Amino acid sequence: MLGNEAIARGAYEAGVKVSAAYPGTPSTEISENIVQYDEIYAEWSPNEKVATEVAIGASISGVRAMASMKHVGVNVASDPLYTISYGGVGGGLVLVAADDPGIYSSQNEQDTRCVARAAMVPVLEPSDSQEAKDFVKCAYEISEKYDTPVIVRTTTRLAHSQGTVTLEDRVEVADKPYKRNPGKFVMMPVNAIKRHVYVEKRMKALVEDGCSFAINRAEYNDTSIGFITSGIPYQYVKEACPDASVLKLGMVHPLPRKLIEEFASRVDKLYIFEELEPVIEEQVKSWGIQAEGKELFTVQGEYSANLLRERVLKQEVCLKQPADVPARPPILCPGCPHRSVFSVLNRLGIHAAGDIGCYTLGAVPPLNVIDTTICMGASISTLHGMEKAKGRDYIKNWVAVIGDSTFLHTGVNSLMNMVYNQGTGTVMILDNSTTGMTGHQDHAATGKTLKGDTVPAINMFELCRAMGIEHVTEVNAFDTKELEKIVKEEVARDAISVIITKSPCVLLKGNVFPYKCRPVDDACKKCGMCLKPGCPALTKKEDGTIAIDETMCNGCGLCEQLCKFGAIERVEA
């Protein structure tokens, strides 16, 4: 099983009844596998905060519940997370957080363990697919025994690697009867003060009891060298230093102090091998224990067995030279509606405050339109801040660009803020009818749930009008003439305007492309205009004319519209 698949299986075996998530690599496949189990209600929520609150509500009602997200989603979920740490649980409550060492698909490299320390929430960290399943089940036991939410922390490497997993039957956990308890679940100051005292006692109990948890284990071999490690780095230690003694921590917060002190006393040389921040290292060293960690190992990126061979064993590592192949930077797909939109903005010399999604690729050549990307929903607020700082004239060659799923995630709030605070500016919602970047998940405006049920779809046009925005326009992303006309009108307007470009993602299942684009060599003037948007289906031949790969072309017609000489025609596929 993939690590994510095993996490889903663990939820099933643990008797989970409610699962909520927002898709985000590397956590997406957890929910896509959970939905296969009919015993679990599973949903895509509009964002991670809502997903966490749904899981909290299910827990308070007395059932086991889960919320899953990537590490930056934990930021969005942090408000309810910090507070439910005080409140505790009814049924077991687990939050799965997928960190991204190496920044394979994220905007930063943060460490969820740091959030957990501040929130006073225990963290379990599996090191393979079997543990991914088992640790989820263990997390529910800890959650209910210690009256606490529990974070299961995974990483990209674990989430997307495979390992053998032994399956077990589902355990049907009886619902806990609901009892009204405002002192526990109503976090007004008078109650929160008391619950904070409880949380401190809970964490002290976990420190003590963690020394005997089976998931924290000392593996004594050659005691001249010892490692404290957890998660995927444990695999690297076992590969590079198989004879070393290892203290493998399954619970990485809070730390089992007595167990660590005992292990440290029995090895001659101690290393702390953990990816990203020195969370374990700083605590261990604060206890007066001599160890080496970030002096040798970086706080950036993924670790490897070779890193240990170089820094600890002082071995010269001979890496095979990569093949001499052309660079393949990320690029929008052939026929992507975002390319059509960006080609218009580029031609008009317009800058875009960007957001999180496929359309972030509008920042790179040859489109060169996106100037900022910060976090989900930030494009609209960023544009608003520019206008308030520099005035309306400053942003007359700017727009905010946001996808349909991201708009519903946190863009709605930002647009409300523009309306409420009397801002001006143009917001472009690039509606491709899916959550594209993470693999085509549905959302509240697609009319489909995670379970595949057909439901009423949020109408974003009417939603914007309901906010009091007078100037809302829908346009086909590939109608470049009409789109250019609308953009010119709206950016010049001294008001808030919204342009919704409606064209589905070309990779959506069921899409039928009736046309292909074909070059007309005799008419080609070799001007290269059709190449400017960077469609990978188009290449320049040695004589300067254009070739179109029919296996890649989706017949969107963008290149045909750009050619002024009739050198590209659209024909039936």
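Now for a description of the structure that goes with this document. Computed from a predicted model, the values in this text were never measured in an experiment.

Turning to the overall build of the chain, a few remarks are in order. On a plain count of helices and strands, the chain comes out with 19 helices and 21 strands. Computed over the C-alpha atoms, the radius of gyration of the chain is 27 Å, within 12% of the 25 Å expected from 2.2 N^0.38 for a compact globule of 573 residues. With the C-alpha coordinates of the chain rotated into their principal frame, the extents come out at 80 × 65 × 50 Å. When contacts within the chain are restricted to residue pairs at least 6 apart in sequence, long-range pairs at least 24 apart make up 73% of them. For the chain, the exposed area adds up to about 24700 Å²; of that, 52% sits on carbon and sulfur atoms. Across the chain, 60 positive and 72 negative side-chain charges occur, with their mean positions spaced 3 Å apart.

A word on a nonpolar patch on the surface. A surface patch of nonpolar side chains, about 240 Å² in accessible area, is lined by Val186, Met188 and Val190. Here Met188 lies in the loop between helix 8 (182-185) and helix 9 (189-209). Accessibility expressed as a relative area gives 42% for Met188, which makes it partly exposed.

This next bit is on the sheet that holds strand 11 (residues 270-273). What the 4 strands build is an open sheet, ordered 7-9-8-11; its pairing is mixed. Only two strands of the sheet have a single partner each, and these edge strands are strand 7 (217-219) and strand 11. Strand-to-strand twist of the sheet, defined as the mean angle between neighbouring strand axes without regard to direction, takes the value 20°. As paired strands, strand 8 (residues 222-229) and strand 9 (residues 244-248) are joined by 5 bridges and run parallel to one another.

In this model helix 6 (residues 129-146) runs 25 Å from its N-terminal to its C-terminal C-alpha over 18 residues, within 8% of the 26 Å that 1.5 Å per residue would give. Where helix 6 begins, one side-chain oxygen reaches toward the backbone nitrogen of Gln130, 3.2 Å away; that side chain belongs to Asp128. Just past helix 6, the residue Asp147 takes up positive phi, approximately 55°.

Let us look at the nonpolar core. By size, the foremost hydrophobic cluster in this structure holds 47 residues, and its most contacted members are Phe342, Leu345, Val401, Phe407, Leu415 and Met428. Once residues within four sequence positions are removed from consideration, Leu345 is found in contact with Ile350, Val369, Val399, Val401, Met428 and Val487. Among the nonpolar cores identified, the runner-up in size contains 40 residues, and Tyr12, Ala42, Phe135 and Cys138 belong to it.

The next subject is the sheet that holds strand 16 (residues 471-475). If you trace the 6 strands from one edge of the open sheet to the other, you get 13-12-14-15-17-16, paired in parallel fashion. The open sheet is flanked by strand 13 (370-372) and strand 16, the only strands paired with a single partner. Adjacent strand axes in the sheet meet at a mean angle of 30° when their direction is disregarded. Note: strand 15 (residues 425-431) against strand 17 (residues 496-502), 7 bridges, orientation parallel. Among the inter-strand pairings, Thr426 is bridged to a residue of strand 17, identified as Ser497. Each of strand 12 (351-353), strand 13, strand 14 (398-403) and strand 15 is contacted by helix 15 (residues 378-390), which is oriented at about 165° to strand 14, the strand it contacts most.

Our focus in this paragraph is the packing of helix 5 (residues 112-119) against helix 12 (residues 279-286). At their nearest, the axes of helix 5 and helix 12 sit 9 Å apart, and the two run at 55° to each other. Taken together, helix 5 and helix 12 sit at an angle that is classed as oblique. In this structure, helix 5 uses Arg113, Cys114 and Arg117 to contact helix 12, whose residues at the interface are Val279, Ile280 and Gln283.

Now for the pattern of salt bridges. When charged atoms on two side chains of opposite charge get close, those side chains can pair. Taken as a whole and assessed by the stated rule, the structure comprises 39 salt bridges. Across the salt bridge formed by Arg217 and Glu131, the nearest N and O atoms sit 3.8 Å from each other. Remark: Glu131 occurs in helix 6 and Arg217 occurs in strand 7; sequence separation between them is 86 residues. We classify Arg217 as partly exposed; its relative accessible area is 31%. Glu131 gets classed as buried once you look at its relative accessible area, which sits at 11%. A salt bridge links Asp134 to Lys133; the shortest N-O distance between them is 3.4 Å. What makes Asp134 partly exposed here is its relative accessible area of 29%. For Lys133, a relative accessible area of 0% gives the class buried.

Structurally, the position occupied by Ser245 is in strand 9. Among the polar contacts made by the side chain of Ser245, one reaches the main-chain carbonyl oxygen of Asp222 at a distance of 3.2 Å. What Ser245 contacts, discounting residues up to four positions off in sequence, is Glu219, Tyr220, Asn221, Asp222, Thr223, Ile225, Gly226, Phe227, Phe263 and Val267.

So, about the environment of Leu361. Residue position: Leu361 is located in the loop between strand 12 and strand 13. For the pair Leu361 and His338, spaced 23 residues apart in sequence, the C-alpha to C-alpha distance is 9.1 Å. Those residues within four positions of Leu361 in sequence are excluded, and the remaining contacts are Pro330, Ile331 and Leu332.

Here the focus is the state of the cysteines. Following the criterion strictly, the structure yields 0 disulfides and no others. Residue Cys530 stays outside any disulfide, its sulfur separated by 6.4 Å from that of Cys559, the closest cysteine. Unpaired in this structure, Cys553 has its nearest cysteine sulfur neighbour in Cys517, at a distance of 4.4 Å. Judged by relative accessible area, Cys553 falls into the buried class, the value being 8%.

Thresholds, definitions, all that
Residues numbered from 1 in each chain as written. Predicted model: local features only at pLDDT ≥ 70, side-chain atom pairs only at ≥ 80, totals over all residues. Heavy atoms only, no water. Helix = DSSP H or I, 4+ residues; strand = E, 2+ residues; numbered from the N terminus. Rg over C-alpha atoms; globule rule 2.2 N^0.38 Å. Contact = heavy atoms within 4.5 Å. Areas by Shrake-Rupley, 256 points an atom, 1.4 Å probe, with all protein chains shown as cover. Lys, Arg positive; Asp, Glu negative; His and termini not counted. Charge placed at Lys NZ, Arg CZ, Asp CG, Glu CD. Patch = residues over 30% accessible without salt bridge, like charges linked within 9 Å, V, L, I, M, F, W, Y side chains within 5 Å. Salt bridge = Lys/Arg side-chain N within 4 Å of Asp/Glu carboxyl O. Buried < 20%, exposed > 50% of the residue type's maximum accessible area, 1.4 Å probe, protein only. Pairing = 2+ DSSP bridges. Axes fitted to C-alpha atoms, helices over the stretch in contact; angles between N-to-C directions. Expected span 1.5 Å × (residues − 1). Polar contact = N/O pair within 3.5 Å; in protein donor to acceptor, adjacent residues only side chain to side chain. Core = buried A, V, L, I, M, F, W, Y, C linked by side-chain atoms within 4.5 Å. Parallel < 35°, antiparallel > 145°, perpendicular 65-115°, else oblique. Disulfide = S-S within 2.5 Å.

Interpretation note: all reported values are geometric properties and have no functional meaning in isolation.
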